[in-house]
Amino acid sequence: MRWLVPKDAPVGPAASMLLARFPALADPAATPLAERFAAGEVVDARGRAWAADDAVGAGDELWFHRELRPEEVPAEPLPILFRDEHLLVIDKPHDVATMPRGAHVLASALVRLRRDTGIEQLVPLHRLDRRTAGVLAFGVRPEERSAYQQLFARREVDKRYEALVLPGPGCTLPQEVGERTELADRMEKCRGELTARIVPGAPNAHTELEVLAAGDSEGDGPAKDRALLLGLRPRTGRTHQLRLQLSSRGAPIAGEDLYPEPSPEPAGPLQLLARSLAFTDPVTGGTREFRSGQLLGGLAPGEPPGT
């Protein structure tokens, strides 16, 4: 990692400055920062080691490697739906990160696929949240990457999702099979914040919704607490768009741990599935369509939840 000391930063000891910027370096499970400085692991732009008490200030660069926490990496390979010389498409399981991030590095889909396939230039063409399962496409050739990624940027990819939701008494969504509606909201997410929010203003998040199946939820709850299997077609791609739009209407996705309030203990996998991707291939000109084989809670459209 590289840290460029900001222009307005005061001059101070390298170790103290680095620790103030990256508090996680003080994690008891990590190698003590003083030992890392003593071992020459923190260097400047030319590779010269900083000492812990060296004075650093505006414009100085401190380079260091991020220590990886122990991770449990599944032995079985990720399920591949399709592979040719242009694309590799997987059916991503729940709780697998797309890219290396935070505590999910070696177990991320990108790292595992590069290891298993030997394709070092593999890159994701779009992203799925770690907790969302389903169709995830990767580009094989670097020179074709931009053409595919621009499809997503221009919203020329038909994306279909399914969600198993647990509507409460204040739910404002349709609840009969076959009913449809459109969700339109103004969403904002500030940099550094974990969650997004709905605010007044012109909608910038649009989703088409259809009720695919409905039935009594499992357990002894009241009949009004029915489980719904929804088909979702997002027309925009805001962060946490589907999760927030459904929760704000009184129908949080089963397993939801962020909306309406973050919870440290998610109740099982988030029941949100990227069911399919379809687009005209910008390289070959052919029609591409990929579908997930997973079921939410073991359910398929047309099968009442709870049966």
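Preceding this section is the structure that the text describes.
Residues numbered from 1 in each chain as written. Predicted model: local features only at pLDDT ≥ 70, side-chain atom pairs only at ≥ 80, totals over all residues. Heavy atoms only, no water.

### Considering unusual backbone geometry
Right, so step 1: Of note, the amide linkage connecting Tyr259 to Pro260 takes the cis form, showing an omega dihedral of 10°.
Right, so step 2: Note on placement: Pro260 falls in the loop between helix 5 (241–247) and strand 15 (272–280).
Right, so step 3: Positive phi is not limited to glycine here, since Arg155 has a value of about 60°.
Right, so step 4: Relative to the helices and strands, Arg155 resides in the loop between helix 4 (145–153) and strand 9 (158–165). (Helix = DSSP H or I, 4+ residues; strand = E, 2+ residues; numbered from the N terminus.)

### Observations regarding helix 1 (residues 14–21)
Right, so step 1: By the burial criterion, the buried members of helix 1 are Ala14, Ala15, Met17 and Leu18. What you see down the axis of helix 1 is that its buried residues fit within an arc of 165°, all on one side.
Right, so step 2: Buried-residue contacts for helix 1 involve strand 1 (2–4), strand 2 (12–13), helix 2 (33–38), strand 3 (55–56) and strand 4 (61–63). (Buried < 20%, exposed > 50% of the residue type's maximum accessible area, 1.4 Å probe, protein only. Arc of directions from axis to C-beta. Contact = heavy atoms within 4.5 Å.)

### Regarding the pattern of salt bridges
Right, so step 1: Evaluation of the coordinates by the stated rule reveals 23 salt bridges.
Right, so step 2: Taking the shortest distance from any N to any O, the salt bridge between Arg288 and Asp84 comes out at 3.0 Å. With a gap of 204 residues between them, Arg288 in strand 16 (residues 287–291) and Asp84 in the loop between strand 5 (80–83) and strand 6 (87–92) connect regions that are remote in the sequence.
Right, so step 3: You can call Arg288 buried: its relative accessible area is 10%.
Right, so step 4: Across the salt bridge formed by Asp158 and Arg233, the nearest N and O atoms sit 2.9 Å from each other. One end of the pair, Asp158, is in strand 9; the other, Arg233, is in strand 14 (residues 226–234), with 75 residues separating them in the sequence. (Salt bridge = Lys/Arg side-chain N within 4 Å of Asp/Glu carboxyl O.)

### Brief notes about the environment of Leu194
Right, so step 1: Looking at the secondary structure, you find Leu194 in the loop between strand 11 (187–188) and strand 12 (197–198).
Right, so step 2: Remark: the alpha-carbon pair of Leu194 and Leu258, spanning 64 residues in sequence, is separated by 8.4 Å.
Right, so step 3: Those residues in contact with Leu194, other than ones at most four positions away along the chain, are Lys189, His240 and Leu258.

No statement about biological role is implied by the geometric values presented.
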